[in-house]
Amino acid sequence: MRKSLQLIALLAALPIGATSYYISNSGSDANAGTSEGSPWITLSNASYRTFAAGDFVLLKRGDRFAGPLYITNAGALGSPITLASYRSGAAPVVYGDHTNIVWSAATGYAGFFTNPPLSSISNPQLLYDASGTKYYDVGNRLSTPYATWLATFTNNCWGQDNQTRIFYIKPANSNAPTFMRMFDYRTVKLSGGYGVVRDLEITAGNNGITVSGAGNLISNNVLNNMLGISIEPTACWNSEVVSNHIYSCAYTMIYPIQPGGNNWFHYNRLETNTTTILGNVVAPAIELNGFGFLGQTNNLTEHNVVRWMDHNFFDFFYEANSEIRFNDCFHGGGGSPGGTGIKFHHNVMDCDGVGTGIIVAHYWSEENQIPEDTGPVVVYNNTVLNFRTAGPYSLTGSTGAMVFNNIFSTVTDYAGNSTAVYTNGVTSDYNLYYSTGVSPRWKWGTTNHSTLAAFFAVSGQDGHSIYTNAGLVGYVTPATSPAIRAGTNLITAGLVQSPQYDFAGRLIPGTWSIGAYDMLAGVQTLNIGGNLIFTP
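It should be emphasised that the depicted structure is a prediction, and the values quoted were computed from it without experimental measurement.

Quick notes on the rules
Residues numbered from 1 in each chain as written. Predicted model: local features only at pLDDT ≥ 70, side-chain atom pairs only at ≥ 80, totals over all residues. Heavy atoms only, no water. Helix = DSSP H or I, 4+ residues; strand = E, 2+ residues; numbered from the N terminus. Buried < 20%, exposed > 50% of the residue type's maximum accessible area, 1.4 Å probe, protein only. Areas by Shrake-Rupley, 256 points an atom, 1.4 Å probe, with all protein chains shown as cover. 1 Å grid on protein atoms, 1.4 Å probe; cavity = no way out; pocket = protein on both sides within 12 Å on 5 of 7 lines; lining within 4 Å. Points joined across faces, edges and corners; volume = space filled by probe spheres on them. Nonpolar A, V, L, I, M, F, W, Y, C, P; charged D, E, K, R; others polar. Core = buried A, V, L, I, M, F, W, Y, C linked by side-chain atoms within 4.5 Å. Contact = heavy atoms within 4.5 Å. Pairing = 2+ DSSP bridges. Arc of directions from axis to C-beta. Salt bridge = Lys/Arg side-chain N within 4 Å of Asp/Glu carboxyl O.

Enquirer: Honestly, the overall build of the chain in this entry has me stumped. Any pointers?
Expert: The secondary structure content of the chain amounts to three helices and 49 strands. Looking at the 536 residues of the chain, the share that counts as buried comes to 56%. Per element, the accessible surface of the chain, about 20200 Å² overall, is 52% carbon and sulfur.

Shown next, in the form of structure tokens:
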């Protein structure tokens, strides 16, 4: 069991010599900021300030604050720098969109408009006018002559002069806009390590919370209406992301990015991807995932609720030695465990007719900081239901990917559902397959086979797998199911370590079952999309 960083934060509640800084809508940046009676008023006054290990930056509950807030120096083990709230009431809101921008005609350049330098906006991402029209970024001016740079603008474009920090826009109607919404690149960023972000609401920015370094804790925050990544642990080690609620966002919600590792993502609730933020169509339908994983190692992702994803619950790019288990998923593609040494198991995923079941691949790359093969990708004991096009599917030519003890079952209640079950380039066995209404297909190379026996004859795969109705009760495997005790012991096979627990937290006996649950006895039926309770 990993040691919770929340405990470390509690032990560091008031380190010796620590200072608390208060920020309130009724304050002033001329104040000392070190008492509730003398708070600051803006986050920009706290950004880039040197804080000491153990210091607190506290936002008044019920207030709203314009981002961004950047804390760049490090805390220490047991004495993190903490960004949190004070008083009672609704969580303080940090927003990353700016609408109070006044535009004036650019002298000597007809049809262009500028504004004064906006110190409160850091590396803005997108601009929208009152009609929801998106303005496109032509790139910042470095040393190019103004006339040359502005000549690259077409209608509804914008750019920023790097030297003066002034923005230039060119509306199609040649009139100064009365309203323009500009989104920050990052709304809250802690980059030194040993930082805590908790009990805040982050809304309407590009990226929500970005942390780097070691020993960070992100907990009990609400994030919504984000254009980009909601929580981004990048170059981050030994950190914890727990009990956050993320919804209505236009990109992958939690996305640890290389380098980094030994991070723990648990008990988060991720729901509802969208391409429309605050009435603006902000992005094409790409990367609308719950979790993304890029080039980190030894992460643990467990006990999360992930639902209403337009793409995958989990998306991987060159991950190594990470484990994804006990997650409760509804409406989306099952996932794409790709990399080396990954363990993907005991997840319950009802795809609800949206995407593929599981795409699995075994690969690594020097370029993506995963330089060598650390073992097979093992996908086991998952319950994957109602996928639209494919069950276990591997990238062509993938080796070192293993698929065991999974239930892959689908029905034909959805338009265009092919109910195809693919296995190609993986070692696959002891799975339960089932579909109704349309005959399944197992594909090896370029040839489809209509029965498991025919597939086994040409591939040598799935010799012990079965094609039958699992007889699930909700999402749980009852004692009468043909999946009970029909699996293979992966501990004995040397593919996973002991002990192993099922989705309900019960120790798996020596004879394994197929699917995420060992059996129904004594366990409530899982409410997909509801609260997850785990009692090991």
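There is more to say after this.
Enquirer: What exactly am I supposed to notice about empty space enclosed by the protein here?
Expert: Left-over empty space is what a probe sized like a water molecule reveals as it rolls over the atoms. If you walk through the whole model with that rule in mind, you get one cavity of 30 Å³ or more. By volume, the largest cavity is sized at about 40 Å³. Lining the largest cavity are H346, N381, D502, I508, S513, G515, A516, Y517 and D518. Of the residues assigned to the lining of the largest cavity, the class counts are three nonpolar, four polar and two charged.

Enquirer: Teacher, can you tell me more about the nonpolar core here?
Expert: Buried together is how nonpolar side chains tend to be arranged in soluble globular proteins. Counting residues in hydrophobic clusters, the biggest one holds 60 residues, and the most contacted among them are L59 and F314. Residues in contact with F314, not counting those within four places in the same chain, are F291, F293, T301, I324, N327, C329, G334, G335, S336, F344 and M349. Judged by nonpolar contacts, the second largest core, of 14 residues, contains L432, Y475, V476 and A516.

Enquirer: Explanation requested: the pairing of strand β15 (residues 186-190) in the structure shown.
Expert: Of all five residues in β15, four are buried, a share of seventy percent or more. Bridging between strand β4 (residues 69-71) and β15 involves three bridges; their strand directions are parallel. When the sheet's bridge partners are listed, Y70 is paired in β15 with K189. Pairing between β15 and strand β18 (residues 207-214): four bridges, direction parallel. Bridge pairing in β18 places L190 opposite V211.

Enquirer: Explanation requested: the sheet that holds strand β10 (residues 127-129) in the structure shown.
Expert: Hydrogen bonding along the main chain pairs the strands of a sheet, whether they run parallel or antiparallel. On the basis of which strands lie adjacent, the open sheet formed by eight strands has the order β7-β14-β10-β11-β12-β13-β9-β8 and mixed pairing. Single-partner strands in this sheet number two, and they are β7 (97-98) and β8 (104-105). As paired strands, strand β9 (residues 113-114) and strand β13 (residues 167-170) are joined by two bridges and run antiparallel to one another. Residue T114 lies in a different strand from β13, and its bridge partner there is Y168.

Enquirer: Quick question: what am I supposed to make of the pairing of strand β16 (residues 195-198) here?
Expert: One face of the sheet, then the other: side chains in a regular strand alternate in exactly this way. Relative to β16, strand β5 (residues 81-86) runs parallel, the two sharing three bridges. The residue bridging I81 from the neighbouring strand is G195, located in β16. Taken together, the three bridges between β16 and strand β19 (residues 217-219) define a ladder with parallel strand orientation. Bridging from a neighbouring strand, V196 pairs with L217 of β19.

Enquirer: I tried to follow helix α3 (residues 452-459) on my own but got confused; where do I start?
Expert: Because the α-helix completes a turn every 3.6 residues, residues three or four places apart line up on one side. All of the buried residues in α3 are L452, F455 and S459. The buried residues of α3 occupy one face: seen down the axis, they fall within an arc of 65 degrees. Along α3, the residues that are exposed and aim more than 90 degrees away from the buried face are A453 and A457. Where α3 is buried, its residues contact β46 (432-435), β47 (442-444), β48 (447-449) and β49 (466-467). Following α3 by one or two positions, G460 has its phi on the positive side, about 75 degrees.

Enquirer: I keep staring at the pattern of salt bridges and nothing clicks. Help me out?
Expert: All told, the structure shown has 11 salt bridges when counted by the stated rule. Across the pair E323 and R325 runs a salt bridge whose closest N-O atoms are separated by 3.5 Å. One salt-bridge network, in which partners are shared between bridges, spans R269, E271 and R307.

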